[in-house]
Amino acid sequence: MTRRLLLSYLSLAALVLLCLEIPLGFVYSRSERERVVNAAKDEAESVSAYASLSLSAGRAERDLPHRAVHCAQRIGGKVVIVDAVGTLLATSHPRAAVMSSDLASRPGIAAALRGASTVDVRTSTIGGVEYLSVAAPVRHATGLQGAVWLTLPTRTVHERVHRVWLVLALVGLGVLTAVAVVGFAIARWTGRPIRELERATHELAEGGRATPVTMTKGPPEVRRLATAFNRTAARLAHLLAAQRAFAGEASHQLKTPLAALRLRLENLEPNVSDRGLGSLTAAVTETDRLSRMVEGLLAMARLEEDSATPTQVDVGAVCAERHRTWLPLFEQQRVSLVLFAGSVGPVLAVPGGVEQIVDNLLSNALRASPRDSTVTMELRLHVPARRALRDARPAWVDLHITDEGPGMTPEQRDRAFDRFWRAPGAPKGGTGLGLSLVQRLAHASGGEASLHAASSGGLDAVIRLPSADPPREGHGPGGDKVPGQRKRVVPALRA
């Protein structure tokens, strides 16, 4: 922000200086040229009047050469005086440099011999005088007696004009430097409270506890914004703390009554008739479902309360361990559990997150899978194609858990991650919190969770987690192995 403010100040100052200094430079150049031209014209008129008196008194050969030399020394140029037919009468420079036959043919002298004064000025691109010559007729009461021709060097005029442009440039540079110093101070003064607000906002966005922003300096608007932010952050922290406390306390308080309720329901079984046994079984089932819902609420409350940093996790080892743990339960339900674990390397995940993700997905897959079907666990490494040497796109590891159950419609898959939502006709015992917890854990690990239709007709749950290893040689675009490298596969374990 400081750089942008400083750049805007300098741009505005530079625009103002350009609008002021460029016209000023051109005005000075034009006035300097006019001053030189007017001075040359006055000098030519003065020499013309002196020549007229000298010719009338018959002292032209004696007085005019001295007058021409004196005038040329005063103006720093050259003076030529001719008679009515263009014959040279006097000159301020050696006679060899001026040929008498050429004088009458020069445009300025020719016009003066016709009785007209002329000024020939050629200017440069910045308005300075490039070339200047003045011709004036020598008149007398008896008629035209000759002409005076003055030429002036323009070096002095050029130097003055260039000096003015240099002064204007130095003044502009000094003004820009002063604006830069003052603008930097103002930008720092304005941006310091905004940077403090940015820091506090990042802390709040990352799940931390935003410390109040103390504003004693800066613009009044920013100080009022900081006060409003402090109130908002405090209120938000209070609401989040109250929500977490309520979820945690309510879940803890419910666990004991639920356990007691289940125990009482089980104790009633010997005293219930066959007609009421179905209702008792349904009540026990709903009690178990409510217990699992309480456990899910506790897990989500702990996830919201603990902002753990993702660490390296050996996802292959975790999947193998959970495969061994769940295999007996799958065998009991006559469902095959197959694991394909390739060399995908470690991933970044919150501590314990991969275990909870796998447990929730396997639990859902087991409830949805019919007898004599197969649930597959597969790990795939995806390495994006590098388009440049400095391309730093990360690699991903996808965990697929696929079942052969009834699956879901696209609309149901879009809503599956909502809390407490259950698909119509879903098996009993679900709480509607498992997939929501899976998605929260995947997001906390920097990954993503999604549901797709499986080729076998069931559901393919995909958990994408960032790889902790840089892309290795031997992997092509999309994570496919190059020919010659074998993928390690855990043999299918069937019930």
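Residues numbered from 1 in each chain as written. Predicted model: local features only at pLDDT ≥ 70, side-chain atom pairs only at ≥ 80, totals over all residues. Heavy atoms only, no water.

### Describing helix H2 (residues 60–75)
Reasoning step 1: In a regular helix each residue adds 1.5 Å, so 16 residues correspond to 22 Å; H2 covers 21 Å between its end C-alpha atoms and thus fits that length.
Reasoning step 2: Within the span of H2, buried status applies to Ala60, Asp63, Leu64, Ala68, Cys71 and Ala72. Relative to the axis of H2, the buried residues are bounded by an arc of 155° and lie together on one face. Of the exposed residues in H2, those oriented more than 90 degrees away from the buried face are Arg62, His66 and Gln73.
Reasoning step 3: In this fold, the buried residues of H2 make contact with helix H1 (2–57), strand S1 (78–83), strand S2 (88–91) and strand S5 (143–152).
Reasoning step 4: Among the residues trailing H2, Gly76 stands out with phi positive, at a value near 70°. (Helix = DSSP H or I, 4+ residues; strand = E, 2+ residues; numbered from the N terminus. Expected span 1.5 Å × (residues − 1). Buried < 20%, exposed > 50% of the residue type's maximum accessible area, 1.4 Å probe, protein only. Arc of directions from axis to C-beta. Contact = heavy atoms within 4.5 Å.)

### Quick look at the packing of aromatic side chains
Reasoning step 1: Taken as a whole and assessed by the stated rule, the structure comprises two aromatic pairs.
Reasoning step 2: Taken together, a centroid distance of 5.7 Å and an interplanar angle of 85° make the contact between Phe26 and Trp165 edge-to-face. Of this pair, Phe26 sits in helix H1 while Trp165 sits in helix H5 (residues 155–205), and the two are 139 residues apart along the sequence.
Reasoning step 3: Relative to Phe330, the ring of Trp326 lies with its centre 6.2 Å away and its plane at 70°, an arrangement referred to as edge-to-face. Of this pair, Trp326 and Phe330 both sit in helix H8 (residues 315–332), four residues apart, roughly one helical turn. (Phe/Tyr/Trp six-rings, centres within 6.5 Å; stacked < 30°, edge-to-face > 60°.)

### Describing H1
Reasoning step 1: Spanning 56 residues, H1 covers 81 Å between terminal C-alpha atoms, matching the ideal 82 Å at 1.5 Å per step.
Reasoning step 2: At the C-terminal side of H1, Gly58 shows a positive phi close to 75°.

### Digging into the sheet that holds strand S10 (residues 396–402)
Reasoning step 1: Taken in spatial order, the five strands line up as S7-S9-S10-S12-S11 in an open sheet, and their pairing is mixed. Looking at the sheet topology across the chains shown, the edges are occupied by strand S7 (336–340) and strand S11 (448–453). Within this sheet the neighbouring strands show an average axis-to-axis angle of 15°, counted without direction.
Reasoning step 2: Note: strand S9 (residues 374–382) against S10, seven bridges, orientation antiparallel. Residue Met377 lies in a different strand from S10, and its bridge partner there is Ile401.
Reasoning step 3: Sheet strands touched by H8: S7, S9 and S10. Its angle to S7, the strand with the most contacts, is close to 170°.
Reasoning step 4: Strands in contact with helix H11 (residues 434–444) are S11 and strand S12 (459–466); relative to S11, the strand with the most contacts, it is inclined by about 130°. (Pairing = 2+ DSSP bridges. Axes fitted to C-alpha atoms, helices over the stretch in contact; angles between N-to-C directions.)

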